[in-house]
Amino acid sequence: MSDATLHAVGQDPGDFAVQIADSVESFIVAVTEVAKGEDPDSAVPFLLLEVSQLLLAGGRLGAHEDVLPDERYEPDLGPEADVDDLRERYAVLLDPVDVYSEVFDPYEPRKAPVAHRLSDDMADIVSDLRHGLAHYRSGRVTEALWWWQFSYFTNWGPTASAALRALQSVVAHVRLDQPLEDLHGLDTDEDLAEDDLVEQAGRVMAEEIAGPLGVKGR
């Protein structure tokens, strides 16, 4: 989508809201294209780049002063856009490494790792970002910024951070020729202890996934 349709005529491209909206729009368009599976060999490196860039926008939102919405109650946006197709496409595209383990809050002592899915992460992030983008496109710029900032702290920020670590780990395992924990098949609804995750995880050599995921070892 061009700036002419995303932004009101006359808006300063250097404006904070415009820059955040650009980052959001760019991420949504990019991950939607990747999900089509037309270039599966570059999926993981491309997602690594896109999530990294999105988190830069998230960091700016996190460092920004608190945004307060203009209205006490959020305006009704109607039905949320369905992201199930995106989720399912990524589940297939990232099948060898879709499931990974993550500690939800690193500052909670003795918090056991839980299973996550990259496919769920991508769909959840897009859903959050689209919600704010709908406000932005309707001219409710402050509402959009408030939503993006609030959900950065509560949902899409932690989700994107966890996904980035998983994606970086996949690339690192392959490039360094190190075995990779295969969590495929774990039930992500279970609250598994660390020993359970290790017990259920098989060992897969990096070269077995390097080709399909578009990353190559040395």
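The shown structure was predicted, so the numbers you read here are calculated from the model rather than taken from an experiment. Every residue gets a number counted from 1 within its own chain, in the order that chain's sequence is written. The predicted origin of the model limits local features to residues at a pLDDT of at least 70 and limits the giving and counting of side-chain atom pairs to 80 or more, whereas totals for whole chains, interfaces and linings rest on all residues. Calculation of side-chain values draws on the structure's entire complement of heavy atoms; hydrogens and water are dropped beforehand.

Trainee: I would appreciate a short explanation of the overall build of the protein chain in the present structure.
Mentor: Across its full length, the protein chain holds nine helices and four strands. Relative accessibility under 20% of the residue-type maximum defines a buried residue, over 50% an exposed one, and the middle range a partly exposed one, all with a 1.4 Å probe and only protein chains included. Across the 218 residues of the protein chain, 40% fall into the buried class. Counted over contacts in the protein chain with a minimum sequence separation of 6, partners at least 24 positions apart contribute 74%. Using a 1.4 Å probe, accessible areas were evaluated by the Shrake-Rupley method; residue-level cover was limited to the displayed protein chains. Approximately 12000 Å² of the protein chain is accessible, and the part contributed by carbon and sulfur atoms is 51%. Strands are runs of DSSP state E lasting at least two residues, helices are runs of H or I lasting at least four, and both sets are numbered from the N terminus onward. Residues count as neighbours in contact if any of their non-hydrogen atoms are within 4.5 Å of one another.

Trainee: When you look at the packing of helix α3 (residues 43-63) against helix α7 (residues 156-175) in this model, what are you seeing that I'm missing?
Mentor: To describe two helices that pack against each other, one gives the angle between their axes and the distance between the axes. Taken N-terminus to C-terminus, the directions of α3 and α7 make an angle of 145 degrees; their axes are 9 Å apart at the nearest point. Helix-helix and strand crossings are classified by hand; for α3 and α7 the assignment is left-handed. In contact with Val44, Leu47, Leu48, Val51, Ser52, Leu54, Leu55, Gly58 and Leu61 of α3, α7 contributes Trp156, Gly157, Ala160, Ser161, Leu164, Leu167, Gln168, Val170 and Val171. Class assignment for the residues of the contact of α3 with α7 results in 13 nonpolar, five polar and no charged. Lines are fitted to the C-alpha atoms to define the axes, a helix being fitted only along its stretch in contact, and any angle between axes, read from their N-to-C directions, falls within 0 to 180 degrees. Note on convention: the crossing is left-handed when the near helix lies turned anticlockwise from the far helix by less than a right angle, right-handed when the turn is clockwise. We call Asp, Glu, Lys and Arg charged. Ala, Val, Leu, Ile, Met, Phe, Trp, Tyr, Cys and Pro are nonpolar, and the rest, Gly among them, are polar.

Trainee: Any chance you could explain the environment of Val83 here in plain terms?
Mentor: Within the element layout of this structure, Val83 appears in the loop between α3 and α4 (84-93). Taking relative accessible area as the criterion, Val83 reaches 9% and is therefore assigned buried. Val83 sits 41 residues away from Asp124 along the chain, and the two C-alpha atoms are 7.9 Å apart. If we ignore the near neighbours within four places in the chain, the residues touching Val83 are Ala123, Val126, Ser127 and Arg130.

Trainee: Would you explain the pattern of salt bridges in this entry?
Mentor: One side chain can pair with another of opposite charge once the charged atoms of both are near each other. Whenever a carboxyl oxygen of Asp or Glu lies within 4 Å of a side-chain nitrogen of Lys or Arg, that contact is scored as a salt bridge. Applying the stated criterion to the full structure yields seven salt bridges. In this structure, Arg137 and Glu25 form a salt bridge, with 2.9 Å as the shortest nitrogen-oxygen distance. Here the residue Arg137 occupies a position in helix α5 (residues 118-137), and Glu25 occupies one in helix α2 (residues 16-35), the gap between them amounting to 112 residues. Asp120 serves as the salt-bridge partner of Arg87, at 3.2 Å between the closest nitrogen and oxygen. Of this pair, Arg87 sits in helix α4 while Asp120 sits in helix α5, placing them 33 residues apart in sequence.

Trainee: For this particular structure, what's the right way to read the environment of His64?
Mentor: Position of His64 among the secondary structure elements: in the loop between α3 and α4. For His64, a relative accessible area of 29% gives the class partly exposed. For the pair His64 and Gln149, spaced 85 residues apart in sequence, the C-alpha to C-alpha distance is 8.6 Å.

Trainee: Can you walk me through the packing of α2 against α5 in this structure?
Mentor: One way to put it is that α2 packs onto α5 with a least axis distance of 10 Å and a crossing angle of 135 degrees. Relative to α5, the element α2 is oriented oblique. For the element pair α2 and α5, the recorded crossing hand is left-handed. Across from Ala17, Val18, Ala21, Val24, Glu25, Phe27, Ile28, Val31 and Thr32 in α2, the residues of α5 making contact are Met122, Ile125, Val126, Leu129, Arg130, Leu133, Tyr136 and Arg137. Classifying every residue of the contact of α2 with α5 gives 13 nonpolar, one polar and three charged. Should an angle fall under 35 degrees it is taken as roughly parallel, and over 145 as roughly antiparallel, whereas 65 to 115 is taken as roughly perpendicular and any remaining angle as oblique.

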